[in-house]
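Listed here are the chains, written in short residue letters.
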Amino acid sequence: MDQTLVTAIGERYQRVLARIEAAASAAGRDPHSVRLVVVTKAQPLGVVRAALQAGVRLLGENYAEEAVEKINSLKEEFVVEWHMIGHVQSRKAELVARHFDWVHSLDSLKLARRLDSFCAQAGRRLPVMLEFNVGGEESKFGFPAWDEHAWPALLPEVEAILQLPHLRVRGLMTMPPLFDQPEQSRPYFRRLRRLQEFLAGRFPAADWSELSMGTSLDYETAIQEGATFVRIGTAIVGPRLPR
Ligand SMILES: *Cc1c(COP(=O)(O)O)cnc(C)c1O
């Protein structure tokens with residue numbers, strides 16, 4: 001057990017938690033309305049274990065196979081809530097349906113249907129957020145949502161996802177273009193929140209309450225704009241291994 005690593009991660013974790021609380025309070029929000037998912041993608045098992053020793057309980061991962069190895073190695077020792085935050089290829093849907101507690105990155109009806117059928121087999125209902133591409137970058141996953149005029153065209157697919165009995169839609173997620181100034185992310189966070197209002201207006205019986213947005217660089221801005229989940233990696237667990 002690397003106690004130095006546990007202490008370092010623990011200090012950064014507490015510092016980020018304090019900043020989350022301050023940002024929420026300053027925005028007139030209940031600090032408990034923002035949950036911190038610590039992102040451990042491309043981090044070795046030792047770092048993940050150190051984060052858990054430091055008190056982290058919500059972990060975010062991007063790659064199904066890498067994550068499932070970690071999940072299986074740690075499940076005897078720790079109770080963890082595992083969040084899938086990366087693009088899920090269709091052939092990985094079964095792994096995700098069996099091992100994850102949340103999916104933030106549901107980005108197609110096809111994936112939704114596959115997750116739904118594997119969740120049916122596993123006898124569970126999976127909380128999901130729909131991922132939207134609000135920045136228009138071609139490299140990004142998510143339903144195309146950068147042009148507000150195109151939002152109505154998204155409704156048939158959203159409606160079909162809402163009808164899947166083994167998924168529980170909880171809200172929206174986005175990953176805006178990468179900037180060095182947090183203020184530059186604000187228009188994208190605002191657009192996701194407007195889209196949340198749009199969907200809540202069209203499907204008022206569904207639950208749109210969660211907004212997963214904000215990373216190490218811009219989580220305070222995201223909280224000002226209504227984030228309920230922030231996904232933070234490097235600011236807490238340090239730089240990632242190259243893949
Ligand atoms: C890697 C990643 C994060 C965390 O990014 P950091 O800059 O390390 O905080 C958050 N969300 C998604 C979707 C990611 O892929």
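Summarised in this report is the structure supplied together with it.

## Topic: the site of the ligand
Residues in close proximity to the ligand include V39, K41, N62, I85, M175, T215, S216, R231, I232, G233, T234 and R240, which together make up its full environment. Side-chain polar atom of R231 to a nitrogen atom of the ligand: 2.9 Å apart, as the coordinates give it. The separation between an oxygen atom of the ligand and a polar main-chain atom of G233 is 2.8 Å. Grouping the constituent residues of the shell around the ligand by class yields four nonpolar, five polar and three charged.

## Some details on the environment of P242
Take P242: it is sitting in the segment after helix 9 (234-237). Accessibility expressed as a relative area gives 78% for P242, which makes it exposed. Along the sequence, P242 and Y188 sit 54 residues apart, while their C-alpha atoms lie 28 Å from each other.

## As for helix 1 (residues 3-26)
It helps to recall that an α-helix has 3.6 residues per turn; residues three or four apart then point in one direction. When the terminal C-alpha atoms of helix 1 are compared, their 34 Å separation across 24 residues agrees well with the 34 Å that a helix rising 1.5 Å per residue should span. Looking only at helix 1, the buried set comprises V6, I9, G10, Y13, V16, I20, A23 and A24. On its buried face, helix 1 is in contact with strand 1 (35-39), helix 2 (45-53), helix 8 (219-224), strand 9 (229-232) and helix 9.

Here is what the cut-offs are and how they apply
Residues numbered from 1 in each chain as written. Predicted model: local features only at pLDDT ≥ 70, side-chain atom pairs only at ≥ 80, totals over all residues. Heavy atoms only, no water. Near = heavy atom within 4 Å. Polar contact = N/O pair within 3.5 Å; in protein donor to acceptor, adjacent residues only side chain to side chain. Nonpolar A, V, L, I, M, F, W, Y, C, P; charged D, E, K, R; others polar. Helix = DSSP H or I, 4+ residues; strand = E, 2+ residues; numbered from the N terminus. Buried < 20%, exposed > 50% of the residue type's maximum accessible area, 1.4 Å probe, protein only. Expected span 1.5 Å × (residues − 1). Contact = heavy atoms within 4.5 Å.

Note that every value here comes from positions in space, so none of it alone points to a role or purpose.
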